[in-house]
Amino acid sequence: MASERTFSIIKPDATKRNLTGAINQKIEAAGLRIIGQKRIRMSQTQAEGFYGVHKERPFFKSLVSFMTSGPVIVQVLQGDNAVLKYREVMGATDPAKANAGTIRKEFAESIEANSVHGSDSAENAKIEIEFFFKPEEIVD
Ligand code: GDP
């Protein structure tokens, strides 16, 4: 598998508990390189747009409120099979179902406050990266 890129967010529950470094350590230990990274406060419009696919779900309002509740770290990760590899490093959406050693098993507080986001396909990764990054902010 050739090198690919994925998009990551370290969510407000994790930045609040000073877990940025611990999460980055797991990302880098898995062989993924952080080639873009910035700390931002997501606006309501950004959060609603980013999670637009979930707008009919019962948890949508709560999710938008959570994602705008504190700073997040948006990241571009690069490496072999980066999309799938990062999904493995993250673990299942519900931390109770996540495998041992994954970010969500070790750090997540709940199914919503689950510490990280990672793209679910290369196509979505491209869209999500373009949503948050200018080309010159990514340096590989
Ligand atoms: P992911 O790809 O593993 O992040 O999961 P999804 O795309 O299904 O959901 C997006 C995000 O919505 C998750 O990471 C959670 O933060 C949140 N979420 C998912 N399912 C639930 C749920 O049942 N309840 C609540 N409150 N939030 C959820």
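Everything discussed here concerns the structure shown above.
Residues numbered from 1 in each chain as written. Predicted model: local features only at pLDDT ≥ 70, side-chain atom pairs only at ≥ 80, totals over all residues. Heavy atoms only, no water.

### Details of the packing of aromatic side chains
Rule in force here: When two rings of Phe, Tyr or Trp (its six-membered ring) have centres within 6.5 Å they constitute a pair, described as stacked for plane angles under 30 degrees, edge-to-face for angles over 60, and tilted for the intermediate range. Helix and strand definitions here come from DSSP, where helices need a minimum of 4 consecutive H or I residues and strands a minimum of 2 consecutive E residues; each element is numbered from the N-terminal end. We call a charge positioned above a ring when the Lys NZ or Arg CZ atom is no farther than 6 Å from the ring centre and deviates by at most 35 degrees from the ring normal.
Under the counting rule described, the total for this entry stands at six aromatic pairs. Arranged with centres 6.2 Å apart and planes meeting at 55°, the rings of Phe-50 and Phe-131 form a pair that is tilted. A residue pair is termed long-range when its members are at least 10 positions apart, and Phe-50 in helix H3 (residues 44–50) and Phe-131 in helix H7 (residues 122–132) qualify at 81 residues. Aromatic ring contacts, followed pair by pair, group Phe-7, Phe-50, Tyr-51, Phe-131 and Phe-132 into a single cluster. A cation sits over an aromatic face here: Lys-38 above Phe-133, 4.9 Å from the ring centre.

### Comments concerning the site of the ligand
Stated precisely, the cut-off is as follows: Nearness is defined per residue: one heavy atom within 4 Å of the molecule or strand is enough. We define a polar contact as two N or O atoms separated by no more than 3.5 Å, with the added condition that, inside protein, one atom must be a possible hydrogen donor and the other a possible acceptor, whereas residues neighbouring each other in sequence contribute only through side-chain atom pairs. Surface accessibility follows the Shrake-Rupley procedure with a 1.4 Å probe radius. Residue values consider only the protein chains on display as shielding. Charged residues are taken to be Asp, Glu, Lys and Arg, nonpolar residues to be Ala, Val, Leu, Ile, Met, Phe, Trp, Tyr, Cys and Pro, and polar residues to be all remaining types, Gly included.
Taken together, Lys-11, Tyr-51, His-54, Phe-59, Leu-63, Arg-87, Thr-93, Arg-104, Ile-111, Glu-112 and Asn-114 make up all the residues around the ligand. Residue Lys-11 places a side-chain N or O atom 2.9 Å away from an oxygen atom belonging to the ligand. At a separation of 3.0 Å, an oxygen atom of the ligand approaches a polar side-chain atom of Asn-114. Starting from 550 Å² of accessible surface for the ligand in isolation, the protein chains cover 77%. For the shell around the ligand, the per-class residue count stands at four nonpolar, three polar and four charged.

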